[in-house]
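Residue strings, one per chain:
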Amino acid sequence: MAYKSFSMELAGRTLTVDVGRVAKQANGAALMHYGDTTVLCTATASEKPREGIDFFPLSVEFEEKMYSVGKIPGGFNKREGKASENSVLTARVIDRPMRPLFPKDYRNDCTLNNLVLSVDPECRPELVAMLGSAIATSISDIPFDGPCATTQLGMVDGEFIVNPNQEQWTTGDLRLTVASTREKVIMIEAGANEIPEDKMIEAIYKCHDINLKVIEFIDKIVAEVGKPKHAYTSCAIPDEMFAAIKEIVPPEEMEVAVFSDDKQTREENITKVTEKLAEAFADNEEWLEILDEAVYQYQKKTVRKMILKDHKRPDGRAINQIRPLSAEVDLIPRVHGSAMFTRGQTQICTITTLAPLSEKQKIDGIDPSVTSKRYMHHYNFPSYSVGETKPSRGPGRREIGHGALAEKALVPVLPSEEEFPYAIRTVSETFESNGSTSQASICASTMSLMAAGVPIKKPVAGISCGLVTGETDDDYIVLTDIQGLEDFFGDMDFKVAGTKDGITAIQMDIKIHGLTRPIVEEAIRRTREARMYILDEVMLKTIPEPRKKVGKYAPKIIQMQINPQKIGDVVGQRGKTINTLIERTGVKIDIDDEGMISICGEDEDMMNEARRLIEVITTDFYEGQILEGDVISIKEFGAFIEFAPGKEGMVHISKIANERINHVEDVLTLGDHVKVVCLGKDKMGRVSFSIKDVK
């Protein structure tokens, strides 16, 4: 393929796509340039389908290379290790709009790889990779019903910023990513500082309008250099098999099997249906091989028909009804805070841990504006939560994604470091799962933080809406609080978290080719109604406000500000002073470059003593100052008193007692604790102290 270059103006910068310049053996490759940000995006697919699978094996990679920002990786290895959290989350955001656009019956392995070669802080590489993946796949011979395009929107001082730079994205009030096809919005991901619903809808459709211009640009590239799409082996279930299944298990029987609010009962019913069909097809090996997939699709058709035509949900709920809710706090002893939130058969317990700010997570990535993280939310999804058995292999991409979503939802309501000088970690343990555990973990985490005494500004709740669509755009139904079955068989999982005043996080996944504006608006309205109900009727009735103090077992922290020029006095030579302070009081002391000191401990008396000693160390001696200290050295002419580690003064023999003494030892002994007054400087400029003049 001859080398061709295509360019368009996008948000005041030039986006350039080089095709046929590099990676010519990939099915599709686009070398993307946006400002000085350069990303190589490739799409490859295997020639044959993978045997024995019932899903499309798509993998998306976003490879952050430290050379792209002129850095050598940290640690001993000096080589990029496992994907960072940002890489995983970016790969998920690329995957979500792309996956529905591949054929449903396509089983060839497919990889979308995005290699970050250079980063310009003005042009985020994540956005470039999203556009590049869509372009590389569209021009390849891989079957794909694209193109799709992605736009990011930030907000600074109330003004929208299209495709913001790194700093605007990190510090602004909105981080919105929207992907669209020609006709509809296909993916939404957002983190926001309580943006009202109407403003969010306006932002989403501002992105959509820009996406349509980018799709026009991609269409031109495809028209010039796009390859014809290759044929593939379809893995669709034969029509005659479906006809045979319906004769053995009529639709009415299947409806009875799936109509249950208990997951295990429903699964037992489906197992019986599958066994009955396996018996009937005992002689047909081809059909037996794909029987599970056929039963899955039959269940799907049944559930969708019941919801769409009959407005009947598998557990008998009304379309806008939330499953039974309950909540409790303090169920785990000795931890710093705990809360459990249960919605139907979804149950999450979140545990909060508080620590000094020095425990913040350090981040060594390609965004120079993000070097540490003070709030960490981790989400775990063990196999027992869905009644399965498999060994734990650490967090997968889904767990990392759910943890990040809950983190994003809660960050806007956290107190500042000045108000609450703690690093905070919340861990959501999934005890039971049947739909939308990520949103339950937001509710549990809010209550857990409040129980731990974290003075959050407002409580946050989250809920998920589902969707079932018919043949036309007007034929659809939106479901409040989807359970697992409605997620698997439905078309959408639209998660929205927020406070009473606005949205803090959105994540929308869909399996169809996009949503119309009325669906988006209805889903956002429905989630708001549900959020208010959960907050008022469940969460705030369980714990109405954050506790006034951190718990008995949480570390206590005192903060004090000193003159930055005095930091050296507190630290001392080779850390001697600070180490003596720590040894003497048993507290932990952190000092930042601005002179902010955090004293952390469990014994309040010792913490106050540490503060007093630091005040002594950092205060210059002045006349009339009363001090207490220990005798550390006795000479013929007087005694040396230590007021704090590294802070000493001398009392002349004439200033020890009212009567004349011949020897200091007659009155003082090493280790004596004495009170002195500062007399100011003598003729030689030395500061002198007196014991006898203390009033």
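Structure's up top.
Keep in mind that this is a model prediction, so the values were computed, not measured. (Residues numbered from 1 in each chain as written. Predicted model: local features only at pLDDT ≥ 70, side-chain atom pairs only at ≥ 80, totals over all residues. Heavy atoms only, no water.)

Asker: Mind showing me how you'd approach the overall build of the protein chain here?
Answerer: Scanning the protein chain from N- to C-terminus turns up 16 helices and 29 strands. With the C-alpha coordinates aligned to their principal axes, the bounding extent of the protein chain is approximately 120 × 60 × 45 Å. Among the 695 residues that make up the protein chain, the fraction classed as buried is 54%. Long-range contacts, defined as pairs at least 24 residues apart, comprise 70% of the intrachain contacts of the protein chain with a sequence gap of at least 6. (Helix = DSSP H or I, 4+ residues; strand = E, 2+ residues; numbered from the N terminus. Buried < 20%, exposed > 50% of the residue type's maximum accessible area, 1.4 Å probe, protein only. Contact = heavy atoms within 4.5 Å.)

Asker: Please clarify how the packing of aromatic side chains should be interpreted in this entry.
Answerer: To describe a pair of aromatic rings, you give the distance between the ring centres and the angle between the ring planes. Taken as a whole, this structure holds 12 aromatic pairs when the rule is applied. Each ring, one from F56 and one from Y106, has its centre 5.5 Å from the other, and the planes form 40 degrees; the classification is tilted. Linking F56 in the loop between β4 (37-49) and β5 (58-64) with Y106 in the loop between α1 (85-98) and β6 (108-118), this pair joins segments that are 50 residues apart in sequence. Across this residue pair, the class does not change: F56 and Y106 are buried. Ring pairs connect the aromatic residues F56, F102, Y106, F144 and Y232, which therefore count as one cluster. The aromatic ring of F242 is capped on one face by K301, whose charged end is 4.3 Å from the ring centroid. Across from the ring centre of Y205, 4.5 Å away, lies the NZ or CZ of R517, which sits over that ring. (Phe/Tyr/Trp six-rings, centres within 6.5 Å; stacked < 30°, edge-to-face > 60°. Lys NZ or Arg CZ within 6 Å of the ring centre and 35° of its normal.)

Asker: Would you mind showing me how to read helix α11 (residues 437-451) here?
Answerer: In an α-helix, one full turn covers 3.6 residues, which means residues spaced three or four apart are oriented alike. End to end, α11 covers 20 Å across 15 residues, agreeing with the expected 21 Å (1.5 Å per residue, within 8%). Most of α11 sits inside the fold, with 15 of its 15 residues counted as buried. Backbone geometry just downstream of α11 places G453 in the positive-phi region, at approximately 85 degrees. (Expected span 1.5 Å × (residues − 1).)

Asker: Sorry if this is basic, but what is going on with empty space enclosed by the protein here?
Answerer: Rolled over the atoms, a probe sized like a water molecule indicates the empty space that remains. Taken as a whole and assessed by the stated rule, the structure comprises one cavity of 30 Å³ or more. The volume enclosed by the largest cavity comes to roughly 30 Å³. Taken together, R13, Y34, E122, C123, R124, L127, Q152, N163 and P164 form the lining of the largest cavity. Class assignment of the residues belonging to the lining of the largest cavity gives a composition of four nonpolar, two polar and three charged. (1 Å grid on protein atoms, 1.4 Å probe; cavity = no way out; pocket = protein on both sides within 12 Å on 5 of 7 lines; lining within 4 Å. Points joined across faces, edges and corners; volume = space filled by probe spheres on them. Nonpolar A, V, L, I, M, F, W, Y, C, P; charged D, E, K, R; others polar.)

Asker: When you look at the nonpolar core in this model, what are you seeing that I'm missing?
Answerer: Across soluble globular proteins, nonpolar side chains have a tendency to be buried as a group. Among the nonpolar cores identified, the biggest contains 87 residues, and L174, L176, M200, I204, F494 and L515 are the most heavily contacted of them. Non-local contacts of L174, meaning those with residues more than four positions away in its chain, are made with L153, G154, M155, F160, G191, A192, I195, M200 and A203. The next biggest cluster of nonpolar side chains, apart from the first, holds 43 residues, and it includes A339, L410, V413 and C600. (Core = buried A, V, L, I, M, F, W, Y, C linked by side-chain atoms within 4.5 Å.)

Asker: Teacher, can you tell me more about the environment of I589 here?
Answerer: Among the secondary structure elements, I589 is positioned in strand β23 (residues 588-591). Residue I589 is classed as buried on the basis of its relative accessible area, which comes to 8%. Look past the residues within four positions of I589 in its chain and what remains in contact with it is I578, L581, I582, I597, S598 and I614.

Asker: Can you help me understand a negative patch on the surface in this one?
Answerer: Together, E51, E285, E286 and E289 make up a negatively charged patch on the protein surface. With respect to the helices and strands, E285 occurs in helix α8 (residues 285-289). (Patch = residues over 30% accessible without salt bridge, like charges linked within 9 Å, V, L, I, M, F, W, Y side chains within 5 Å. Areas by Shrake-Rupley, 256 points an atom, 1.4 Å probe, with all protein chains shown as cover. Salt bridge = Lys/Arg side-chain N within 4 Å of Asp/Glu carboxyl O. Lys, Arg positive; Asp, Glu negative; His and termini not counted. Charge placed at Lys NZ, Arg CZ, Asp CG, Glu CD.)

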